[in-house]
There are 2 protein chains.
Amino acid sequence: MHPVLLALDWGTTSLRAFLLAPDGTVLDRQRLALGILKVPDNDFAGVFRQIREYWPDARHLPALACGMIGSRQGWAEAPYCACPAGLAELAEALHGVPGEDRLWLVPGLSHRGADSLPDVMRGEETQLMGLGDGLHLLPGTHSKWARVGDGRVESFITCFTGELYGVLRDHSILGRLMAGAEPDSGAFRRGLELADREPALLRQLFSVRSLPLNGELPPKAVASYLSGLLIGTEISTALACLPAPDGPITVAGEPGLTARYREALAYRGLETAVADEDCAARGLYRIARVAGLLENNHD
Amino acid sequence: MHPVLLALDWGTTSLRAFLLAPDGTVLDRQRLALGILKVPDNDFAGVFRQIREYWPDARHLPALACGMIGSRQGWAEAPYCACPAGLAELAEALHGVPGEDRLWLVPGLSHRGADSLPDVMRGEETQLMGLGDGLHLLPGTHSKWARVGDGRVESFITCFTGELYGVLRDHSILGRLMAGAEPDSGAFRRGLELADREPALLRQLFSVRSLPLNGELPPKAVASYLSGLLIGTEISTALACLPAPDGPITVAGEPGLTARYREALAYRGLETAVADEDCAARGLYRIARVAGLLENNHD
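Residues numbered from 1 in each chain as written. Chains lettered and ligands numbered in written order. Predicted model: local features only at pLDDT ≥ 70, side-chain atom pairs only at ≥ 80, totals over all residues.

Draft legend 1. Molecular detail of the domain arrangement of chain A. According to the domain assignment, chain A consists of domain 1 (5-131 + 277-290) and domain 2 (161-274). The C-alpha centroid of domain 2 of chain A is placed 31 Å from the C-alpha centroid of domain 1 of chain A. (Domains from an automatic or database assignment.)

As structure tokens, this is what we get:
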């Protein structure tokens with residue numbers, strides 16, 4: 001099959017590029033360590049040219065990009081689209097890049113929760129379009145939980161879990177006790193149990209120090225315990241903020257992190273499924289099709 | 001009045017020394033920036049000699065010290081005393097310092113909460129002995145909430161609030177939005193309100209980023225908002241973990257921090273009182289008296 005779309009998932013730390021067939025099949029792919037914060041002199045046009053040239057077939061194809069490339073810190077800012085939003089709303093709001101006549105950016109989504117707090121995502125909306133209806137979890141530095149119904153993202157929340165874990169491990173007194181950390185499923189489970197018992201994170205965090213000091217948790221298991229405590233707390237928060245899942249929760253993330261979240265959800269008796277790792281490519285394909293980018297490019 | 005006791009509140013970052021009269025009156029005081037982590041070569045004996053020599057009257061007095069000086073990182077380790085514990089238990093467990101014939105260390109306290117988590121304090125037990133019965137809050141890097149009844153510390157919890165605030169401000173993406181922070185009571189109140197509404201800290205932390213990005217919180221107010229969110233969350237946690245206060249909650253801490261906690265407690269309709277800043281000296285005096293250190297030193 002000949003390619004019809006150059007699809008880019010261009011985030012903060014990495015860039016994945018896909019060459020897609022008329023039916024959405026991934027014909028070829030590239031992964032570059034050129035996330036928007038790593039592009040020398042912000043020469044996004046240069047990186048884009050390099051990707052096009054890598055695939056001679058792609059030189060004249062329409063291209064669609066999602067992720068932080070469309071943020072204020074990226075190539076051009078594609079304003080957020082308000083929820084609920086699906087393929088039609090995203091396709092309608094595609095943002096052209098000045099100076100590039102065949103490149104569009106997918107906008108991010110904004111949402112205001114029942115608690116009146118504003119929330120935003122950028123990049124995940126495209127993965128969600130690739131996943132379809134259901135409750136989806138995209139763990140990471142800032143975990144996203146989103147409900148998609150009738151093809152539209154109805155609501156979502158962001159949890160600060162990944163970043164909190166990182167700063168506590170690297171910069172707080174808790175990290176000093178994490179000598180020679182090794183994955184420890186018993187300690188992870190113990191953190192999950194504690195989080196499930198009551199919402200008292202600020203007190204429970206101190207136990208990450210008091211348990212090892214008291215000889216009740218080996219130093220190498222402290223990191224897993226903190227991870228269980230934070231992930232368990234995130235799950236309690238998400239279940240309180242979002243409608244209950246009526247099917248498996250799809251988890252889309254880095255494999256190790258996905259496994260930990262699935263274990264934590266299973267501990268709560270919740271069914272999970274693992275997302276296809278190409279869900280971003282599929283989302284880009286679906287948005288491009290609705291936007292009409294796949295038409296008239298057979299010449 | 002002639003002095004009868006040299007009392008030392010010797011913590012991690014500073015050292016306060018008091019010369020006490022037979023009735024506990026503070027006759028004189030010194031404050032040195034020689035907390036245990038700041039003593040060159042861990043020469044605690046040298047610092048102690050310097051304090052004695054500053055007061056010729058104190059050369060032969062019995063001395064009692066509380067705080068981190070009695071920890072594993074300090075001069076000598078005074079093992080923790082289990083709660084409930086009061087003057088009798090602390091006096092009984094005073095720990096002599098090898099090589100110093102008239103210096104004793106007050107032990108810290110340990111406690112296991114209803115949630116089975118171990119907790120510890122060191123230094124605060126002495127302040128609590130100076131404060132007497134009631135519910136007391138000692139805010140700081142690791143906030144302590146303690147219930148004292150019939151002169152004994154019955155239960156306490158530690159919240160990681162102060163340290164969490166510090167690492168988020170200094171090392172997370174939230175801190176990058178805190179340009180030119182100024183105290184902002186409206187933003188502080190907004191954080192308190194949010195925390196009071198539901199236990200969802202991991203989600204609410206993301207609002208510390210999304211509100212300013214959305215133009216709904218000025219950058220200079222972001223630090224106050226985060227402070228309100230964390231202090232409000234701490235109060236919810238403490239009220240859930242400890243028996244309800246049956247009188248004013250005494251707050252013993254640095255003046256600015258004490259004011260913020262009092263405002264936060266008032267927001268919940270809770271009455272507060274400010275602790276006497278010499279409560280540590282009073283606690284040391286009371287423990288010394290029960291331990292018999294004030295007898296037979298009139299020669």
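Draft legend 2. Structural view of the sheet that holds strand β7 (residues 95-97) of chain B. All names here are of chain B. An order of β3-β2-β1-β4-β8-β7 is seen for the six strands of this open sheet, with the pairing classed as mixed. Each edge of the open sheet is held by one strand with a lone partner, namely β3 (26-32) and β7. Direction aside, neighbouring strands of the sheet carry axes that sit 25 degrees apart on average. Pairing between strand β1 (residues 5-10) and strand β2 (residues 15-20): six bridges, direction antiparallel. Bridge assignment links Ala7 to a residue of β2, and that residue is Phe18. (Pairing = 2+ DSSP bridges. Helix = DSSP H or I, 4+ residues; strand = E, 2+ residues; numbered from the N terminus. Axes fitted to C-alpha atoms, helices over the stretch in contact; angles between N-to-C directions.)

Draft legend 3. Structural detail: helix α3 (residues 124-131) of chain A. Residue and element names in this part refer to chain A. Among the eight residues of α3, eight are classified as buried, and the element is accordingly described as predominantly covered. Buried residues of α3: Glu124, Glu125, Thr126, Gln127, Leu128, Met129, Gly130 and Leu131, and no others. In the segment just after α3, Gly132 is the residue with positive phi, at about 90 degrees. (Buried ≥ 20, exposed ≤ 12 C-beta atoms within 10 Å, placed from the backbone.)

Draft legend 4. The packing of α3 of chain A against helix α9 (residues 279-290) of chain A, seen in detail. Residue and element names in this part refer to chain A. The contact between α3 and α9 brings their axes to 7 Å, and the two run at 85 degrees. One element, α3, and the other, α9, form an angle in the roughly perpendicular class. The residues of α9 that touch α3, namely those facing Thr126, Gln127, Leu128, Met129, Gly130 and Leu131, are Cys279, Ala280, Arg282, Gly283, Leu284, Arg286 and Ile287. Among the residues making up the contact of α3 with α9, the classes are represented as seven nonpolar, four polar and two charged. (Parallel < 35°, antiparallel > 145°, perpendicular 65-115°, else oblique. Contact = placed C-beta atoms within 7 Å. Nonpolar A, V, L, I, M, F, W, Y, C, P; charged D, E, K, R; others polar.)

Draft legend 5. A look at the interface of chain B and chain A. The partner chain A presents 36 residues to the 36 residues of chain B that form the contact. At the level of elements, β10 (118-121), β13 (152-159), α4 (161-171), α6 (201-213) and α7 (222-241) of chain B are the ones that each hand at least two residues to the side of chain B that touches chain A. Here the element with the most residues in the side of chain B that touches chain A is α6 of chain B; it accounts for eight residues. Among the residues making up the side of chain B that touches chain A, the classes are represented as 18 nonpolar, 10 polar and eight charged.

Draft legend 6. Examining the sheet that holds strand β3 (residues 26-32) of chain A more closely. All names here are of chain A. Judged by pairing direction, the sheet is mixed, and its six strands sit side by side in the order β3-β2-β1-β4-β8-β7 without closing on themselves. Two strands close off the open sheet at either side, each with one partner strand: β3 and β7 (95-96). One ladder, built from two bridges, connects β7 with strand β8 (residues 103-105); its direction is antiparallel. Residue His95 lies in a different strand from β8, and its bridge partner there is Leu105. The strands that α9 touches are β1 (5-10), β2 (15-20), β3 and β4 (63-66); relative to β1, the one it contacts most, it runs at about 130 degrees.

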